[in-house]
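# A look at the structure
In case you want the letters, here they are:
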Amino acid sequence: MKTRKMCSMTSRKARLTFAILAALIIAGIGASAAQQTGPVYSMEGAWYGLVSISGLGSTPSLDTFTSDAQRQGDAGTFLCTIPAVSKMPNPLNPSGWLGTTSSGHGNWVRIGKNRYGFTAVRTIFDENGSLFGWARFWGTITPISDNEYTGLMTAQYFLPDGRAMFPQPFTGTMQSRRIEITFEQ
């Protein structure tokens, strides 16, 4: 009889412990879901705006973001177009100059709710049109509505062998608006 009573008490304690743990887990899931409320904005589409690099000024930018077919809304590629930079000094040839392609190609990934990481690359060429290196741009983008995003960016220029051209990368900000469809009237 004592054994049966002890088993019954142990069983009740186990059920009570299980019920308390289950309640805590459900409460945790509920709290986590509550933090995820509110709108989620997509990067997919075409955008126009300004990129401002510290010490170098601002330039207009056109960006197009598309999703990876296997990771819709979570990762993809993008194309960034800016006016070509004309004739910046060539650090290896004082009488020469360098330019970059106007198109940058890159990838993006969702890193949080309404937060995306990106990396893009542009080609650097010399006054003869020969490859001089690569310009790499990376940072984060935060959509603040369906039609607007802001972001932070870092840029570094590299020689073809991967050595940095400048000791410190450049930093900047981005602000863009979605290109909205205009219908004929």
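Residues numbered from 1 in each chain as written. Predicted model: local features only at pLDDT ≥ 70, side-chain atom pairs only at ≥ 80, totals over all residues. Heavy atoms only, no water.

For the rest of this paragraph, the subject is the side chain of Asp63. Along the chain, Asp63 turns up in strand β2 (residues 57-67). No salt bridge is formed by the buried Asp63; the nearest opposite charge belongs to Arg122, separated by 6.4 Å. Reaching out from Asp63, the side chain makes a polar contact with the side chain of Tyr149 at a distance of 2.6 Å. Each residue touching Asp63, except ones within four places of it in the same chain, is listed here: Gly45, Ala46, Trp47, Leu79, Cys80, Thr81, Tyr149 and Ser176. (Helix = DSSP H or I, 4+ residues; strand = E, 2+ residues; numbered from the N terminus. Buried < 20%, exposed > 50% of the residue type's maximum accessible area, 1.4 Å probe, protein only. Lys, Arg positive; Asp, Glu negative; His and termini not counted. Salt bridge = Lys/Arg side-chain N within 4 Å of Asp/Glu carboxyl O. Polar contact = N/O pair within 3.5 Å; in protein donor to acceptor, adjacent residues only side chain to side chain. Contact = heavy atoms within 4.5 Å.)

This brings us to the pattern of salt bridges. On inspection of all chains with the given rule, the structure shows 3 salt bridges. Salt-bridge contacts for Asp74 lead to Arg110; the nearest nitrogen and oxygen are separated by 3.2 Å. With Asp74 in the loop between β2 and β3 (75-81) and Arg110 in strand β6 (residues 103-112), the pair connects residues that are 36 residues apart, well separated along the chain. For Arg110, a relative accessible area of 26% puts it in the partly exposed group. Across the salt bridge formed by Arg177 and Glu148, the nearest N and O atoms sit 3.4 Å from each other. Taken together, the positions of Arg177 in strand β10 (residues 170-178) and Glu148 in strand β9 (residues 148-158) put the pair 29 residues apart, joining distant regions of the chain. For Arg177, a relative accessible area of 36% puts it in the partly exposed group. On the basis of relative accessible area, Glu148 is assigned to the buried category, the value being 18%.

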